[in-house]
Amino acid sequence: MPRIDDTRPFLPVNIAVMTVSDTRSVEDDKSGAALIERLEKAGHRLHARAIVKDDVASIRAQVQAWIADPEVDVVLTTGGTGVTGRDVTPEAVEGLFEKHIPGFGELFRWLSYEKVGTSTIQSRATGGVANGTYVFALPGSPSACRDAWDGILEAQLDNRHRPCNLVELMPRLNEHRT
């Protein structure tokens with residue numbers, strides 16, 4: 001049964017948050033704000049925040065800068081995961097992945113199905129590892145961001161979560177480079 005092991009100390013991680021949008025600003029970015037509120041409430045640190053246009057090169061450049069920064073443990077993007085012509089976040093980030101985490105998108109859509117039914121097929125939420133950094137691309141709605149954090153990321157980014165979690169794997173994410 002999943003649980004929190006209170007005998008272990010909590011280890012905060014550094015998280016960068018990117019909102020992918022042609023129209024949002026920091027003042028009206030509800031999805032980015034929802035993620036920041038939750039990650040800080042959980043005890044993690046916001047390392048950086050950016051709003052980037054729906055453009056593969058722009059998204060990829062920002063993610064590449066963050067995964068090159070040894071202080072960034074996790075990148076969360078919100079927006080651009082749908083199926084319209086401007087939705088290009090999966091194309092931008094998946095090309096950077098050394099390891100895909102298919103279970104993230106699968107679990108997100110399963111959780112989402114409970115709320116939005118078959119409309120969940122319109123989400124291309126994805127996750128992977130790039131340069132030793134976890135990257136998760138979430139849909140652009142605040143509700144979807146809350147669902148992804150509350151239903152998946154909060155537990156997996158808590159080193160006390162049992163039977164296992166993503167944090168305890170961080171020291172080994174780049175072992176193929178040695």
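Refer to the structure above for everything that follows.
Before going into details, it helps to say that this report is about the structure given with it. (Residues numbered from 1 in each chain as written. Predicted model: local features only at pLDDT ≥ 70, side-chain atom pairs only at ≥ 80, totals over all residues. Heavy atoms only, no water.)

Turning our attention to the overall build of the protein chain. In terms of regular secondary structure, the protein chain is built from 5 helices and 8 strands. For the protein chain, buried positions account for 48% of its 178 residues. Taking contacts inside the protein chain between residues at least 6 apart in sequence as the whole, the part at least 24 apart equals 75%. When the accessible area of the protein chain is evaluated, it comes to approximately 8,900 Å², of which 53% is carbon and sulfur surface. When the 20 positive and 25 negative side-chain charges of the protein chain are each reduced to one mean point, those points stand 2 Å apart. (Helix = DSSP H or I, 4+ residues; strand = E, 2+ residues; numbered from the N terminus. Buried < 20%, exposed > 50% of the residue type's maximum accessible area, 1.4 Å probe, protein only. Contact = heavy atoms within 4.5 Å. Areas by Shrake-Rupley, 256 points an atom, 1.4 Å probe, with all protein chains shown as cover. Lys, Arg positive; Asp, Glu negative; His and termini not counted. Charge placed at Lys NZ, Arg CZ, Asp CG, Glu CD.)

The next subject is the sheet that holds strand S4 (residues 74-78). Spatially, S3-S2-S4-S7-S6-S5 is the arrangement adopted by the 6 strands of the open sheet, whose pairing is mixed. Both outer strands of the open sheet, strand S3 (45-52) and strand S5 (99-100), are each paired with one neighbouring strand and no more. On the sheet, helix H4 (residues 102-116) packs against S5, strand S6 (126-130) and strand S7 (133-138) and is oriented at approximately 30° with respect to S7. (Pairing = 2+ DSSP bridges. Axes fitted to C-alpha atoms, helices over the stretch in contact; angles between N-to-C directions.)

This paragraph deals with the pattern of salt bridges. Pairing between side chains of opposite charge can happen when the charged atoms of each approach one another. For the structure on display, the rule yields 8 salt bridges. One salt bridge connects Asp22 with Arg86, and the closest N-O pair in it is separated by 2.9 Å. Residue Asp22 is found in the loop between strand S2 (14-20) and helix H1 (30-41), and its partner Arg86 is found in the loop between S4 and helix H3 (89-94); the two are separated by 64 residues along the sequence. According to the relative accessible area criterion, Asp22 is partly exposed, its value standing at 30%. (Salt bridge = Lys/Arg side-chain N within 4 Å of Asp/Glu carboxyl O.)

A few words now on H4. Here H4 is 15 residues long and its end C-alpha atoms lie 21 Å apart, about the 21 Å a rise of 1.5 Å per residue gives. Those residues of H4 lying buried are Phe104, Gly105, Phe108, Leu111 and Ser112. Each buried residue of H4 sits inside an arc of 135° when the element is viewed along its axis, so together they form one side. For H4, the exposed residues set more than 90 degrees away from the buried face come down to Pro102, Glu106, Trp110 and Glu114. Looking at the buried positions of H4, the neighbouring elements they touch are S6, S7 and helix H5 (142-156). Just downstream of H4 lies Gly117, where phi reads positive at about 65°. (Expected span 1.5 Å × (residues − 1). Arc of directions from axis to C-beta.)

Here we come to the pairing of S2. Note on strand geometry: in a regular strand, side chains alternate between the two faces of the sheet. Among the 7 residues in S2, 7 count as buried, and that is most of the element. On S2, burial covers both faces: Asn14, Ala16, Met18 and Val20 on one face and Ile15, Val17 and Thr19 on the other are all buried. One ladder, built from 7 bridges, connects S2 with S3; its direction is parallel. What sits directly across from Thr19, in S3, is Ile51. At this point the chain moves from S2, through H1, to the parallel S3, and the crossover so formed is right-handed. As paired elements, S2 and S4 share 5 bridges and run parallel to each other. (Right-handed = clockwise from strand over helix to strand, strands pointing away.)

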